[in-house]
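What the coordinates show
Residues per chain are reported as follows:
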2 protein chains.
Amino acid sequence: MDIDAILAEGCRRDWRTIDPGTIEPLRFAVIGLGWFTRGRALPAFEASEACEPTVLVSGDESKAERLVAATDGAEQGLTYDAFHDGVAREDYDAVYIVTPNARHLEFVETAAAFDKDVLCEKPMERDSDRARAVIGTCADAGIESMIAYRMHTEPAVRRAREFVREGLLGEPQHVSGDMSQRLLDRVNPDRDQWRLDEELAGGGALFDIGIYPLNTARFLLDADPIAAIGQTGSSHDAFADVDETVSFTIEFPEDVYASCFASHNVHQSSSISITGTEGQLRIEPAFFQDEARELHLSRGDGRASVTFETVDQMHEQFEYFTDRVRGDAPIHPDGDHGLVDMRAMEAVYEAADRGEWVSLS
Amino acid sequence: MDIDAILAEGCRRDWRTIDPGTIEPLRFAVIGLGWFTRGRALPAFEASEACEPTVLVSGDESKAERLVAATDGAEQGLTYDAFHDGVAREDYDAVYIVTPNARHLEFVETAAAFDKDVLCEKPMERDSDRARAVIGTCADAGIESMIAYRMHTEPAVRRAREFVREGLLGEPQHVSGDMSQRLLDRVNPDRDQWRLDEELAGGGALFDIGIYPLNTARFLLDADPIAAIGQTGSSHDAFADVDETVSFTIEFPEDVYASCFASHNVHQSSSISITGTEGQLRIEPAFFQDEARELHLSRGDGRASVTFETVDQMHEQFEYFTDRVRGDAPIHPDGDHGLVDMRAMEAVYEAADRGEWVSLS
């Protein structure tokens, strides 16, 4: 693959294994109806022909019912308790879990009991022990499970990965990545939101957005971390319990390092760069939705920039999940993949406490 | 200052304190005639009206004489020994030292003995003890001294610094910087070059090019390091004695971190980014010469890119040094400033050995 081939490939769904016109739509119970679900997930479900958000589940029954009335394809609103009790269990095939991190496992357990496949938001859970319980629960029940990283079906990231995989950067040597936003000012002003609550979230900027450069570095390098170091900081009193800002470095095999930064309290920004012996690529903006991705490539003395059409990342991800659940191809990123991030992020926090490298081996 | 003002300021020599038409040209002894001197320094001297490279000093007398014949303004070629002996000492006012790092001090000592001002290449010397000796020698003699970082008079960097200083990024929170090149393949194929010799260089990629993002981070933040951590690596046998690659993080006051990368054996690249609570700026390409700098700014919802005319960084620096030596304004970056980088780089190496943060306080 060269730059011409990247341009030609564009936003093609190269992961597709079955014709979506030949399958029954996949019916989802959507669990957790916060701003992300309302603003991002439900519109993507509505745009999809391959899946439908038939059941909406919330702690607040009236909110669930209001959203059912406003959402194409939605048929029933349930409380969390009603969901656990099995109400409407014949009306969905899979669950999409968008609850606070520490409430992922309970819905995985119920989905497994009802033999429903699971699409679970990142990070998998609030800690690695509970993430392991997610994996074990899905394995025991024989259900499909996937972690909703979005980037594995983002066309710019997929094309970048092909570029690396074809050796066009030579040997990768370094990754630099960042993701930041003004959470309270620009996204959600609520001081009581679960993202600020260590019990519910497990971590702060690292768990919520630092995971993007971390996971995308893994995806681009096709490698897993072997050690981590990092520092966390908070200046705003809303971030008393979780990290507002994190700067961390992940060691990959063969002396490859990824330097990453995330903050919930600085200007919105996102990028990932990978530098190799023969070239460099950079995606910027990289991670937030509704942005036209730019992929900047340099190799030898040449430089090129490719602008990708903006795709709905949630829509892409739902289509992929449906393709894998309805078809036979293996699903990715699965729980084992997600657990690696959980352990790496815990190692970053431990390293921040101890002031030294923490091994992941 | 806003973006309009940056555009209007452009490449103006805002540091100028005296009219160069009113001063006697500053006559330099140029000490060390390697590829950098021949390709970069001498052409810049030739282009300058404010200074002249009257005396050229080399270990190889015939090389010195050949270059005198080929260089406008050059009058005499000397060996290192002849220079130390005081030959032609009336024919230069200042020295520009471009020898291997471990041979800076001896020429500073001779320049001080002859009451000549000193422009010394970065890094100051091969270690911080010898850097302190450089400072003490210049102070005792009452001569001017400056470290030749180039970036302090690079217009794109100066404009970026004003942007930060005016608070247009809000509170700076993170810096990301890198500099890399294929030293052997693209710059100098000689396996015997001093940059690969730990005795002469003191360090590898960090000392030679990692110092650019480090020092430019300090300049942009107007702050000094308080701790460092890093990792070094070498894959190529030419880098048996010094680091081929270094990935390091510098802690600045108030939980600001700079993540940096340098390599002598990957694709040429250089950039520096600084992210604050209100905005972000990025210079790319940032450090190598003969490149049109681009300064990318984002603030609120706006983004802008400013392309700067390519200046000859060496020429700018020689003009600045001459302005300060001939005038009364303080000179910067001086030896005390350079020593901070020496200590920070030694801390990176120590941290790489120990696997933990090394304090600089």
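Analysis parameters
Residues numbered from 1 in each chain as written. Chains lettered and ligands numbered in written order. Predicted model: local features only at pLDDT ≥ 70, side-chain atom pairs only at ≥ 80, totals over all residues. Axes fitted to C-alpha atoms, helices over the stretch in contact; angles between N-to-C directions. Helix = DSSP H or I, 4+ residues; strand = E, 2+ residues; numbered from the N terminus. Parallel < 35°, antiparallel > 145°, perpendicular 65-115°, else oblique. Left-handed = near helix turned anticlockwise from the far one by under 90°. Contact = placed C-beta atoms within 7 Å. Nonpolar A, V, L, I, M, F, W, Y, C, P; charged D, E, K, R; others polar. Least-squares fit on C-alpha atoms with pLDDT ≥ 70 in both. Buried ≥ 20, exposed ≤ 12 C-beta atoms within 10 Å, placed from the backbone. Pairing = 2+ DSSP bridges. Right-handed = clockwise from strand over helix to strand, strands pointing away.

**Considering the packing of helix α10 (residues 205–221) of chain A against helix α12 (residues 335–354) of chain A**
The description of two packed helices rests on the angle between their axes and on the distance between the axes. All names here are of chain A. Axis separation between α10 and α12 bottoms out at 11 Å; the angle between their running directions is 115°. For the element pair α10 / α12, the angle class is roughly perpendicular. In this structure, α10 crosses over α12, and the sense of that crossing is right-handed. Across from Leu206, Phe207, Ile211, Leu214 and Asn215 in α10, the residues of α12 making contact are Asp341, Ala344, Met345 and Val348. Per-class residue counts for the contact of α10 with α12 are seven nonpolar, one polar and one charged.

**What to know about the relation of the copies chain B and chain A**
Each copy of the sequence occupies a distinct position, and chain B is placed on chain A by a rotation of 180° and an axial shift of 0.0 Å, giving an RMSD of 0.0 Å. Considering both components of the superposition, the chain copies are consistent with a two-fold axis. If distances are taken from each C-alpha of chain B to the rotation axis, the shortest is found for B:Glu356, at 2.0 Å.

**Here's the deal with the pairing of strand β6 (residues 145–148) of chain A**
Residues and elements named next belong to chain A. The side-chain alternation of β6 yields two buried faces, one formed by Ser145 and Ile147 and the other by Met146 and Ala148. As judged from the four bridges shared by strand β5 (residues 117–121) and β6, these two strands associate in the parallel manner. When the sheet's bridge partners are listed, Leu119 is paired in β6 with Met146. As for the winding sense of the linkage, the β-α-β connection from β5 through helix α6 (residues 128–141) to β6 is right-handed.

**Section: the interface of chain B and chain A**
On the side of chain A, 30 residues touch chain B, which itself brings 30 residues to the contact. Contributing elements (two or more residues each) for the side of chain B that touches chain A: β7 (172–182), β8 (227–233), β9 (245–252), β10 (256–263), β11 (265–276) and β12 (279–283) of chain B. No other element matches β11(B), which puts six residues into the side of chain B that touches chain A. When grouped by side-chain class, the residues that make up the side of chain B that touches chain A number five nonpolar, 21 polar and four charged.

**A word on the sheet that holds strand β6 (residues 145–148) of chain B**
Strand pairing within a sheet occurs via backbone hydrogen bonds; the two strands may be parallel or antiparallel. Residues and elements named next belong to chain B. Judged by pairing direction, the sheet is parallel, and its six strands sit side by side in the order β3-β2-β1-β4-β5-β6 without closing on themselves. Pairing within the sheet leaves two strands with one partner each, and these edge strands are β3 (76–79) and β6. Strand after strand, the sheet turns through a mean of 25° between neighbouring axes, direction not considered. Helix-sheet contacts for helix α2 (residues 35–47) involve β1 (26–31), β2 (51–58) and β4 (94–97), and the interaxial angle to β2 is about 150°.

**Description of unusual backbone geometry**
Cis geometry marks the peptide bond from A:Glu284 to A:Pro285, where omega comes out at -5°. You can see A:Pro285 is positioned in the loop between β12 (279–283) and β13 (294–299). With a phi angle near 65°, A:Ala88 is a residue other than glycine that sits in the positive phi range. Its location among the elements puts A:Ala88 in the loop between α4 (80–84) and β4 (94–97). A count of 17 C-beta atoms within 10 Å places A:Ala88 in the partly exposed class. Phi at B:Asp255 is positive, roughly 60°, even though this residue is not glycine. One can find B:Asp255 in the loop between β9 and β10. On the basis of neighbour counts, which here come to 16 C-beta atoms within 10 Å, the residue B:Asp255 falls in the partly exposed class.

**Topic: helix α7 (residues 155–165) of chain B**
Quick reminder: α-helices carry 3.6 residues per turn. Residues three or four places apart thus point the same way. All names here are of chain B. The element α7 is extensively covered by neighbouring structure, given that eight of its 11 residues are classed as buried. When α7 is considered as a whole, its buried residues turn out to be Pro155, Ala156, Val157, Arg158, Arg159, Ala160, Arg161 and Phe163. Directly beyond the C-terminal end of α7, a positive phi value near 80° is found at Gly167.

**Some remarks on the environment of A:Ala240**
With respect to the helices, strands and loops of the structure, A:Ala240 is situated in the loop between β8 (227–233) and β9 (245–252). On the neighbour-count criterion, A:Ala240 (10 C-beta atoms within 10 Å) is exposed.

Spatial relationships are all this shows, so hold off on functional conclusions.
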